Every structure is written in structure tokens, then in C-alpha cells.
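Letter by letter, the chains look like this.
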Amino acid sequence: MGFTFLKKLPTPAEIRNQYPIDTAIQELKSKRDQEIRDVFTGKSDKFLAIIGPCSADNEDAVCDYLLRLRKVQEKIEDKVLIIPRVYTNKPRTTGEGYKGMVHQPDPEKAPDMLAGLIAIRKMHIHAIQESGFTCADEMLYPENYRYLSDILSYVAVGARSVEDQQHRLTVSGMDVPAGMKNPTSGNYSVMLNSVVAAQGSHRFIYRSWEVETAGNPLAHTILRGAVNKHGEAIPNYHYEDLRLLWEKYQEKNLQNPAVIVDTNHSNSNKQYEQQVRIAKEVLHSRMVDPELHKLVKGFMIESYIEPGSQKIGGTHIYGKSITDPCLGWEESEKLLYTIAEMC
């Protein structure tokens, strides 16, 4: 057989019972969830900053970074609502390389999925306790969602996953906002169809159960740029791209039309320092067009303590990405204040 079954893993209920959250975290999540929900439903005019490292590879550095975000949040809370990215799954184009803490709690050691499931839950809980933020994570594996579903306030579905039916149907059972990225081709119809599916009610098989979902009215789009047949990055954050998305939304009977603009990936051609310029352009488009002001709800920004990225192995620089390059803290802090000023 092509599979070697190494060990049977605990169920989400077992892990959650072993590493429970207290009443204080439950109440904080409820409050945060409502604040974020209000942005997507239009009750709040706050702008979302979903910001953090490409992958959360080190708990100490992640919590350090979140404490820095907390200090900024207190100064801009009337305009901007920060949702830290604590991404514990890393999709890989070729399947090679670091796949996130859920695979490797220690990037220098061999994969250990049981240790990874425990590590990501403990890190998310620690992050909440330290910073007062409930966070965002990417749903790379739909069957793993319930290991963290009681502590996440935002979920992203990546460009390579958004066409997958199980991802779409799993989102339909969530009660938090879920962003559906455009596929790597950039096709708007595929992205919007994923939102249609996620907002609908479904019956399907999930973790060996027949389940039925109510639909997620907070499912929305994320523009992250595209890649053409020559492998060239094609951005989709310009005014004309946003207007096209607005028009496409009008053709669909969708609840709470919204888009988050990813300032990195193919929008920046992974030139991470361009995220500042891209954010300013989108904010200007939003300022001059009332319909885009309603549609564009926030940014997804890749940011960490140190700018750029580094390879795994050798001398490790604290707070520097080991996957995609990120803005450093100094530029990130300035950008957050700029966002608050322009909103």
C-alpha cells in the first residue's frame, strides 16, 4: 500500500478537553467575534487589519509580535480592528518545504503531527492570554478545523484550496468570517462561486459523520493577485479590479458583500516592501468611491518582527520569517497608523 498508518490521532474533542479554554477566553472570543461580525454586516465602519507572519513558527516570537500589535491597537481602536495572523498550516506549491507548526512544532526536527496539533492549540491559547487578541488561521485541512474552532475569530481559505468542495462546505458550517481567496488563475467566478457555496446550507460527510450546515453569511472574498501561464504575477488590487469585483457581486444574491485585499503574494509579486504602497493605493480607491468604501473591509498583510525571510537551518534570527518574506515591525507599525489616518 502507498500509505503507512503511523499513529491514530486524538479527536478534536479529546484535544480540546485536554487543553481547554476558560470562561474569560470564551467571553473575549464572543466579544471579538461580534466586533468583527459588525464590520462585515456594515454595523461598524472600522477597517480590518489581518496582519502577522507568513507562518507562525515560534511561539515566543509570535507572542512578542502580538504584544506589539496590542500597543498599536489601543491607539487606533476607533478606526482599525486588528486580527493577528497566527498561521499554523503552510500550503506548499510543490509539496516541499516547511508546512507549518501543525506538521513540525520544531522546524529543525522531523514532522510530528500529534505534537503539532497540541502545539498549535497551546500557542493560540497562549497568544490570547498574552495579548487579548483572538486570531486568524488558514484552513489548509478542513478535517483539522475543529481542533481550533473554539478559539479562532477568522479563517482564510487559500488560493489552492478555494476550488475544493470540502473546504467550501466546511466553511458553510462556521460561525466566524471566512475569506475565500481568488485561485492562482485569478478567476473571479471561481472565487465568487466558492462564496455562494459557503453561504449555502449543505449535508455532507465530515470526520466520519453525516452533518448538516446552516450556511455562513460572513463568507467573503480575498484578492491576492494571480499568476498567468508564463508564471508572471498579475495584481488585482487596482481600482478597476475592485470595481469589477463590485459589479460581479451585484450579479450574485450574496449576503454581506465584502473583500479583503491581500497586499502580498501575487499582488506584490512577493516584493514584501511593496505592501505599504499597495495598501495606500487601495485606501485611496476606497476614499474616492462610496461603493468601494462599503466593499473593501480590510487588508491581509504579511508582517513580523524582522523584515524579509531566512532559510531554515544555520543561525536563526529571532522574529524573522522562515517562509515568505514579511514587512519588519518598524514599517508595519507605520503602516497601521497610516491605515487609521486614511480610513
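Residues numbered from 1 in each chain as written. Predicted model: local features only at pLDDT ≥ 70, side-chain atom pairs only at ≥ 80, totals over all residues. Heavy atoms only, no water.

Per an unreviewed UniProt entry, the chain goes by the name Phospho-2-dehydro-3-deoxyheptonate aldolase and belongs to Blautia obeum. Quoted verbatim from the Catalytic activity (unreviewed entry) heading of the UniProt record, the comment on the chain is "D-erythrose 4-phosphate + phosphoenolpyruvate + H2O = 7-phospho-2-dehydro-3-deoxy-D-arabino-heptonate + phosphate". Under Pathway (unreviewed entry), UniProt gives the following word-for-word description of the chain: "Metabolic intermediate biosynthesis; chorismate biosynthesis; chorismate from D-erythrose 4-phosphate and phosphoenolpyruvate: step 1/7." (UniProt positions renumbered as here; feature names shortened; annotations may be inferred.)

Can you help me understand the environment of Gly-100 in this one?
Within the secondary structure layout, Gly-100 lies in the loop between β2 (80–84) and α4 (113–131). Residues Gly-100 and Ile-120 lie 20 residues apart in sequence; the distance between their C-alpha atoms is 9.5 Å. Ignoring sequence-local partners within four residues, the contact set of Gly-100 consists of Thr-88, Asn-89 and Lys-90. (Helix = DSSP H or I, 4+ residues; strand = E, 2+ residues; numbered from the N terminus. Contact = heavy atoms within 4.5 Å.)

When you look at the nonpolar core in this model, what are you seeing that I'm missing?
As a rule of thumb, soluble globular proteins bury nonpolar side chains together. Within the largest apolar cluster, 85 residues are counted, with the highest numbers of intra-cluster contacts made by Ile-82, Val-171, Leu-245 and Phe-299. With residues up to four places along the chain from it excluded, the contact list for Phe-299 reads Phe-47, Leu-48, Ala-49, Ile-50, Ile-260, Val-261, Thr-263, Ala-279, Val-282, Leu-283 and Ile-339. If you look at the next biggest cluster of nonpolar residues, it comprises 16 residues, including Leu-81, Ala-136, Ala-258 and Met-300. (Core = buried A, V, L, I, M, F, W, Y, C linked by side-chain atoms within 4.5 Å. Buried < 20%, exposed > 50% of the residue type's maximum accessible area, 1.4 Å probe, protein only.)

Quick question: what am I supposed to make of the pairing of strand β5 (residues 178–181) here?
Of the two faces of β5, the one carrying Ala-178 and Met-180 and the one carrying Gly-179 and Lys-181 are both buried. Direction of pairing for strand β4 (residues 152–157) relative to β5: parallel, over a ladder of 3 bridges. Counterpart to Val-155 in the pairing with β5 is Ala-178. Each parallel crossover has a hand, and for β4 linked through helix α5 (residues 165–171) to β5 it is right-handed. (Pairing = 2+ DSSP bridges. Right-handed = clockwise from strand over helix to strand, strands pointing away.)

Looking at this model, I keep getting lost on the side chain of Ser-303. Mind explaining?
By the secondary structure assignment, Ser-303 is in the loop between β12 (296–302) and α10 (329–342). Of the polar contacts made by the side chain of Ser-303, one reaches the side chain of Ser-332; its length is 2.6 Å. Among all residues touching Ser-303, those that are not within four sequence positions of it are Ile-51, Gly-52, Pro-53, Tyr-65, Cys-326, Leu-327 and Ser-332. (Polar contact = N/O pair within 3.5 Å; in protein donor to acceptor, adjacent residues only side chain to side chain.)

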